[in-house]
Amino acid sequence: MVISVHVPKCAGTSFRRILSGICGARIWFNYGMIFTREQARADLVPEGTSFIHGHFLADAFDDLYPRRRLVTWVRHPVEGLVSNYSHFLRSPGMRDDCCRALHKQGLSLRQFADLEWMQNETTRYLANKKVEDFEFVGITERFRESVEAFCETFGFRSVTSLPQENVNPQRTARGYDVSRGDYEYILERNAADLAWYENAERRLDGLAGQDSKRFA
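So, how was this worked out
- Residues numbered from 1 in each chain as written.
- Predicted model: local features only at pLDDT ≥ 70, side-chain atom pairs only at ≥ 80, totals over all residues.
- Heavy atoms only, no water.
- Helix = DSSP H or I, 4+ residues; strand = E, 2+ residues; numbered from the N terminus.
- Contact = heavy atoms within 4.5 Å.
- Buried < 20%, exposed > 50% of the residue type's maximum accessible area, 1.4 Å probe, protein only.
- Pairing = 2+ DSSP bridges.
- Phe/Tyr/Trp six-rings, centres within 6.5 Å; stacked < 30°, edge-to-face > 60°.
- Lys NZ or Arg CZ within 6 Å of the ring centre and 35° of its normal.
- Axes fitted to C-alpha atoms, helices over the stretch in contact; angles between N-to-C directions.
- Parallel < 35°, antiparallel > 145°, perpendicular 65-115°, else oblique.
- Nonpolar A, V, L, I, M, F, W, Y, C, P; charged D, E, K, R; others polar.
- Salt bridge = Lys/Arg side-chain N within 4 Å of Asp/Glu carboxyl O.
- Left-handed = near helix turned anticlockwise from the far one by under 90°.

Moving on, we come to unusual backbone geometry. Despite not being glycine, A127 shows a phi value in the positive range, around 55°. Its place among the elements puts A127 in the loop between α5 (121-125) and β5 (136-139). Positive phi, close to 60°, is recorded for N128, a residue that is not glycine. Its place among the elements puts N128 in the loop between α5 and β5.

Below, the structure is given as structure tokens:
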């Protein structure tokens, strides 16, 4: 069983499209059914499933599938938080506590960054697991390279067309334009996420180095 954790605003929607094309009926998109370890039950997982992708904590299926292969994507914490902020402003989902607080209280970016759930959101989703616990970790900012590494790792055919789903239509540059002060303010509240992200980048760099040696 492959378990793919979709951390919000980390290319998970685009990755979902890719998985639909290469996994077919074997994949179950778990959005809202199982989120925590306590909620996981074998009868909730459709028969024939060999790949689960969705919003849930990384340890949610540990008891059901002790030998599962973990997959996730991460993003620089400043980019991730600003993307969440922009997304909630653009497309309010009022069932989300952070989104409700943003709209009801008219939160600024820094006030939004002060919300507990918005601090180190990635490491919270990943249930304090380490990079080494995952068989694959994609980097949102290096999407094409990461998809190639994923296909290589799991033996899928190369993906020629890369979808760009749930992208902010108002963003014209590669990254969000935030002031230096806001950038540092957000980083101070997401030190664990930054460390996780940097470890994941080093791992991807190592895979890229192995490929370059193999084809030299």
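Picking up where we left off.
Our next topic: the side chain of S146. Locating S146 in the fold gives a position in helix α6 (residues 143-154). Residue contacts for S146: discarding those within four places in its chain leaves W73, F136, G138, I139 and L204.

Taking every second residue as pointing to the same face, both faces of β5 are buried, with F136 and G138 on one and V137 and I139 on the other. Relative to β5, strand β4 (residues 69-74) runs parallel, the two sharing 4 bridges. Bridging across to β5, T72 finds its partner in V137.

Turning our attention to the packing of aromatic side chains. A full pass over the atoms with the stated rule returns 15 aromatic pairs. One aromatic cluster is present, formed by F15, F51, W73, F136, F143, F150, F154 and F156 through successive ring pairs. Of note, R16 hangs over the ring of F29, and the distance from its end group to the ring centre comes to 4.4 Å.

Here we come to the packing of helix α2 (residues 77-90) against helix α7 (residues 180-188). Contact pair α2 / α7: the axes reach a minimum separation of 9 Å and the direction vectors enclose 100°. When the interaxial angle is binned, α2 and α7 end up roughly perpendicular. In this structure, α2 contributes P77, V78, L81 and V82 to the contact, and α7 contributes Y183, I186 and L187. Among the residues making up the contact of α2 with α7, the classes are represented as 7 nonpolar, no polar and no charged.

Turning next to the pattern of salt bridges. With the rule as written, the count across this model stands at 13 salt bridges. Note that D97 is salt-bridged to R100, the shortest N-O span being 2.3 Å. Taken together, the positions of D97 and R100, both in helix α3 (residues 97-105) and 3 residues apart, correspond to about one turn of that helix. The class for R100 is partly exposed, based on a relative accessible area of 26%. Its salt-bridge partner being R142, residue D205 comes within 2.8 Å of it at the nearest N-O pair. Taken as a pair, D205 in helix α8 (residues 191-214) and R142 in the loop between β5 and α6 lie far apart in primary sequence, 63 residues in all.

Take the packing of helix α1 (residues 12-23) against α6 next. Axis separation between α1 and α6 bottoms out at 12 Å; the angle between their running directions is 35°. For the crossing formed where α1 meets α6, the hand is right-handed. Across from S14, F15, I18, L19 and I22 in α1, the residues of α6 making contact are F143, V147 and F150. For the contact of α1 with α6, the residue count by class is 7 nonpolar, 1 polar and no charged.

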